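The residues making up each chain are set out below.
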Amino acid sequence: MQTYDAPLRDMRFVLHELFADDGFGGLRAHEEFTPDLLDAVLEEANKVAKDVLLPLNASGDIEGCTYENGVVRTPKGFKEAYETFRAGGWASLASDPGWGGQGLPETVNKLVEEMICATNVSFSLYPGLTHGATTAIEGHASDELKQAYLPKMVSAEWSGTMCLTESHCGTDLGLLRTKAEPQADGSYKITGSKIFISAGDHDLTSNVIHLVLARLPDAPRGVKGISLFLVPKYLPKDDGTPGPANGVSVAGIEHKMGMKASATCQINFDDATGWIVGEPNKGLAAMFTMMNTERVSVGVQGLGINEIAYQSAVAYAKERLQGRSLSGVKNPDGPADPIIVHPDVRRMLMTMRVYAEGCRALGQWCSRALDAEKHSDDPEVKERATRFVALMTPVVKALFTDFGSEAANLCVQTYGGHGYIREHGVEQFVRDARIAQIYEGTNGIQALDLVGRKLGADMGANLRPFFHAVSNLLEDMTKADDKVLKIWTGGMQQAFGALQLSTATIAQKGLKDPEEAGAAATDYLRLMGLVGMGYTFLKAAKIATDRLAGGAGEDEGFYKAKLATAGFFFDRILPQATALFLAIKSGKRSMMTMPAEAF
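Predicted model, so just to flag it, every value in this text is computed and none were measured. (Residues numbered from 1 in each chain as written. Predicted model: local features only at pLDDT ≥ 70, side-chain atom pairs only at ≥ 80, totals over all residues. Heavy atoms only, no water.)

## Some remarks on the overall build of the protein chain
Stated formally: Put simply, DSSP marks the helices as runs of H or I at least four residues long and the strands as runs of E at least two long, and each gets a number from the N terminus on. It is over C-alpha atoms that the radius of gyration is taken, and the globule rule equals 2.2 Å times the number of residues to the power 0.38. In this scheme, a residue with accessible area under 20% of its type's maximum is buried, one over 50% is exposed, and one in between is partly exposed, where area comes from a 1.4 Å probe on protein chains only. For this analysis, residues touch if any pair of their heavy atoms sits within 4.5 Å. Per-residue and other accessible areas were derived by the Shrake-Rupley procedure at a 1.4 Å probe size, with only the shown protein chains allowed to occlude residues. Only four residue types enter the tally: Lys and Arg on the positive side, Asp and Glu on the negative side; His and the chain ends are excluded. Charge coordinates come from a single atom per side chain, which is NZ of Lys, CZ of Arg, CG of Asp or CD of Glu.
When helices and strands are counted, the protein chain shows 18 helices and 11 strands. Computed over C-alpha atoms, the radius of gyration of the protein chain comes to 24 Å, within 12% of the 25 Å expected from 2.2 N^0.38 for 599 residues, which places it in the range of a compact globule. Overall, the C-alpha framework of the protein chain stretches about 80 × 60 × 60 Å when taken along its three principal axes. The buried share of the protein chain, taken over its 599 residues, is 57%. Taking the intrachain contacts of the protein chain between residues at least 6 apart in sequence as the baseline, contacts between residues at least 24 apart amount to 74%. Total accessible area on the protein chain is roughly 25100 Å²; 53% of this is exposed by carbon and sulfur atoms. Taking the average place of the 60 positive charges on the side chains of the protein chain and the average place of its 73 negative ones, the gap between the two points comes to 5 Å.

Structure follows, in structure tokens:
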């Protein structure tokens, strides 16, 4: 029972109300996009998600992609859905109008991504990888390459990939062996094999454009000797249409736990013609332009699955009759009460709801910074946005996908045995969610990135936008008259204090012993994420309280529900901050003492 209808009211809340004072808005580049226009975009996107993508989610999972005689095919209905998606301009919402995009804010684009991921996360990878590839090409490629490839990729007529992983190296890209031989005409011959290439080949577009990491003959060892190359599946003819096959072939597709309608390919490059993107031996920096975009989008995958898992669990909990309420019969005309009356079912539903609303709000804050980083006319705002995005990217990727996986499991638990079988469709959420914690850098790698790179950069400058925002809110909230808000503010002060103390602990111990920072990394990322969510819930609660005091009209139910969700977060979720601080404070000893041979 895969149930979904985009939470449009909450999306409008985080888009228009929650962050009006964060200093990232008021961008001239987006002046033409009125609230009414953006709301209309969200409403139409919801229709596409519900009516076009959701009906293919379960069937696509069952059928999966197929590979035969070197040809990769997507499940039944995907080609037609992709054409509908492409023709509607959904693949190019946030792309530069100069290349045929619509130039909408990233804030709206990420909300639309959430709908797509909720209803068919496998489908989302085909346009998603293309958008990431266009970001790298636009940021680093020559004008000639941009002119030749961006218009067709932005329009989704051609798709894109990123080819990093090889069989012997994943995260440690310094070990890659794919070679690039320079040619007299300025091109390169690319030879090597890549694995785990999402959307690596398919039948949805007429050409697939690969961004490939490879080594030049004289490249230095390690990551300082990696270059990035654009390698099309078919070499374009003079008129821009796909021409002869390049030296690119599919060796097979992966048989995966989930995301079965996304073609994950093993690809061979045999003297394939390619062109360098960016500077020689600087390919990793160019690729990270794409990877950072993709990491935020992978976080949104976790959020999307979280939301559909929540809605599907709620629908079942309201219908499934089992047992009687502990406080007295609630369904006297039936043989039993619906399971939504039981406290433990409520615990699971509220946890999923809090995760979804908290991640949506935190993601929207990050998206506003992405827009400001790109479009603000104020250098100070640009710098603040850049630092905020750098800090929050690993948090968004790891926290959202951890919560998405947990929510998917809670959904199955709500269904009980019926959730474990295929018939109801919710076991698919568990399988689909799991990869998001792994690809684009495992969540452990995200935590190491946070403590190893982002915290110490420029003497902690990346922390300032986040810490200042939280500190300023807490100062303002101490003046609140509402007793409940004061209690929640006290809880946030404790959690923020735990984050500050944890930051100092990592800084002190990590300078002396990098393993101390590594041992604390995952707990620290979760702690920072919870404080970030707490910031958004406290702001939301203040807004809801003010709206209700002034007469909320038809929105009264929404704001009361927002307060109820915030209450669960502050009572049941945020107290984890104390335990996380104690774990961080304990250091590496219990983790690293046992000899490897004793395991």
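## Re the packing of helix 5 (residues 106–140) against helix 7 (residues 283–319)
Formally: Simply put, an axis is a line fit to the C-alpha atoms, just over the touching stretch for a helix, and the angle between two N-to-C directions goes from 0 to 180 degrees. Note on angle classes: values under 35 degrees are labelled roughly parallel, values over 145 roughly antiparallel, values of 65 to 115 roughly perpendicular, and the remainder oblique. Throughout this entry, Asp, Glu, Lys and Arg are counted as charged residues, while Ala, Val, Leu, Ile, Met, Phe, Trp, Tyr, Cys and Pro are counted as nonpolar. The remaining residues, Gly among them, count as polar.
Where helix 5 meets helix 7, the closest approach of the two axes is 9 Å, and the angle between their N-to-C directions is 175 degrees. Taken together, the axes of helix 5 and helix 7 lie roughly antiparallel to each other. Of the residues that constitute the contact of helix 5 with helix 7, the class distribution is 15 nonpolar, 12 polar and 5 charged.

## Topic: the pattern of salt bridges
The condition that has to hold: The term salt bridge refers to a pairing of a side-chain nitrogen on Lys or Arg with a carboxyl oxygen on Asp or Glu at a separation within 4 Å.
What the rule picks out here adds up to 33 salt bridges. Measuring nitrogen to oxygen at the nearest pair gives 3.0 Å for the salt bridge that ties Asp337 to Arg324. Taken together, the positions of Asp337 in the loop between helix 7 and helix 8 (343–375) and Arg324 in the loop between helix 7 and helix 8 put the pair 13 residues apart, joining distant regions of the chain. Assessed through its relative accessible area of 0%, Asp337 is described here as buried. Residue Arg324 is classed as partly exposed on the basis of its relative accessible area, which comes to 31%. Lys560 is the salt-bridge partner of Glu556, the closest N and O atoms lying 2.8 Å from each other. Taken together, the residues span about one helical turn, with Glu556 and Lys560 both in helix 16 (residues 556–573) at a distance of 4 residues. Judged by relative accessible area, Glu556 falls into the partly exposed class, the value being 37%. Owing to a relative accessible area of 47%, Lys560 belongs among the partly exposed residues under this scheme.

## Some points on the pairing of strand 4 (residues 179–182)
The side chains of a regular strand alternate, residue by residue, between the two faces of the sheet. Quick note on the threshold: In this description, strands pair whenever DSSP reports at least two bridges between them.
Pairing geometry for strand 4 and strand 5 (residues 188–198), over 4 bridges, is antiparallel. Bridge pairing in strand 5 links Glu181 to Lys189. As consecutive antiparallel partners, strand 4 and strand 5 are separated by 5 residues, and within that stretch Gly186 has a phi angle of approximately 95 degrees, a positive value.

## Some thoughts on unusual backbone geometry
The phi dihedral of Phe196 is positive, around 60 degrees, even though this residue is not glycine. Relative to the elements of secondary structure, Phe196 occurs in strand 5. The phi dihedral of Met259 is positive, around 50 degrees, even though this residue is not glycine. Its place among the elements puts Met259 in the loop between strand 10 (248–253) and strand 11 (264–277). For Met259, a relative accessible area of 4% corresponds to the buried category.

## Let's talk about helix 9 (residues 379–415)
The criterion, for reference: Between the first and last residue of a helix there are one fewer steps than residues, each counted as 1.5 Å, and that sum is the expected span. Values of bend correspond, residue by residue, to the angle between axes fitted over the seven residues ending at that residue and the seven starting there. Under the rule applied, a polar contact is a pair of N or O atoms within 3.5 Å (in protein, one hydrogen donor and one hydrogen acceptor; residues adjacent in sequence only if both atoms are side-chain atoms).
Helix length check: helix 9 (37 residues) gives 51 Å between terminal C-alpha atoms against 54 Å at 1.5 Å per residue, within 8%. Along helix 9, the helix axis deviates most sharply at Met392, where the bend reaches about 40 degrees; the proline Pro394 sits within four residues downstream. At the N-terminal boundary of helix 9, the capping side chain belongs to Asp378, with an oxygen 2.9 Å from the backbone nitrogen of Glu380. Backbone geometry just downstream of helix 9 places Gly416 in the positive-phi region, at approximately 70 degrees.

## A few points about the environment of Tyr234
In this fold, Tyr234 is placed in strand 8 (residues 234–236). Those residues in contact with Tyr234 that lie beyond four places of it in its chain are Ser206, Asn207, Pro242, Gly243, Pro244, Ala245 and Asn246.

## Topic: the side chain of Thr130
Mapped onto the elements of the fold, Thr130 is located in helix 5. By relative accessible area, Thr130 is classed as buried at 3%. Apart from residues lying up to four places away in sequence, Thr130 is in contact with Met153, Trp158, Ser159 and Gly160.

## Some remarks on helix 12 (residues 443–454)
Among all positions of helix 12, only Asn443, Gln446, Ala447, Asp449, Leu450, Val451 and Lys454 are buried. Elements that come into contact with the buried residues of helix 12 comprise helix 7, helix 9, helix 14 (483–512) and helix 15 (514–549).

## Description of the side chain of Asp22
Among the secondary structure elements, Asp22 is positioned in the loop between helix 1 (8–17) and helix 2 (35–53). Taking relative accessible area as the criterion, Asp22 reaches 9% and is therefore assigned buried. The contacts of Asp22, once residues within four sequence positions are left out, are Trp365, Arg368 and Arg384.

## Side note on the state of the cysteines
The following threshold applies: Disulfides are defined in this document as cysteine sulfur pairs within 2.5 Å.
Scanning all chains against the criterion turns up 0 disulfides. Counting only cysteine sulfurs, Cys265 is the nearest neighbor of Cys163, a cysteine outside any disulfide, at a range of 9.3 Å. Given the relative accessible area of 0%, Cys163 is considered buried.

## A few points about the nonpolar core
In plain terms, the rule: In this text, buried Ala, Val, Leu, Ile, Met, Phe, Trp, Tyr and Cys residues form a nonpolar core when linked through side-chain atoms within 4.5 Å.
By size, the foremost hydrophobic cluster in this structure holds 194 residues, and its most contacted members are Leu211, Phe466, Tyr524 and Met528. Ranked by the residues each element gives to this core, the list is headed by helix 9, at 18 residues. Other than its neighbours up to four places away in sequence, Tyr524 contacts Leu450, Val451, Leu455, Leu463, Leu499, Ser502, Thr503, Ile506 and Ile584.

## Remarks on the packing of helix 1 against helix 5
Keep this limit in mind: In a left-handed crossing the near helix is turned counterclockwise from the far helix by less than a right angle, and in a right-handed crossing that turn is clockwise.
Interaxial distance between helix 1 and helix 5 falls to 11 Å at its minimum, and their mutual angle equals 155 degrees. As far as their axial angle goes, helix 5 and helix 1 are roughly antiparallel. As for the relative orientation of helix 1 and helix 5, their crossing is right-handed in sense. Touching Leu8, Met11, Val14 and Leu15 of helix 1 are Thr107, Val108, Leu111, Glu114 and Met115, all from helix 5. Broken down by class, the residue content of the contact of helix 1 with helix 5 amounts to 7 nonpolar, 1 polar and 1 charged.

## Topic: the packing of aromatic side chains
Worth spelling out the cut-off: Think of it this way: a Phe, Tyr or Trp ring, Trp meaning its six-membered ring, pairs with another when their centres are within 6.5 Å, and the plane angle makes it stacked under 30 degrees, edge-to-face over 60, tilted otherwise.
Under the counting rule described, the total for this entry stands at 20 aromatic pairs. Ring geometry for Phe78 and Phe123: centres 6.0 Å apart, planes at 55 degrees, overall tilted. Here Phe78 is found in helix 4 (residues 78–87), whereas its partner Phe123 is found in helix 5, with 45 residues between them in sequence. A centroid spacing of 5.9 Å and a plane angle of 55 degrees characterise the contact between Tyr149 and Trp158, whose relative ring orientation is tilted. Comparing Tyr149 with Trp158 shows no difference in burial state: the two are buried. Counting every residue linked through ring pairs, the aromatic cluster contains Phe19, Phe24, Trp365, Phe388, Phe466, Phe467, Phe496 and Tyr535.

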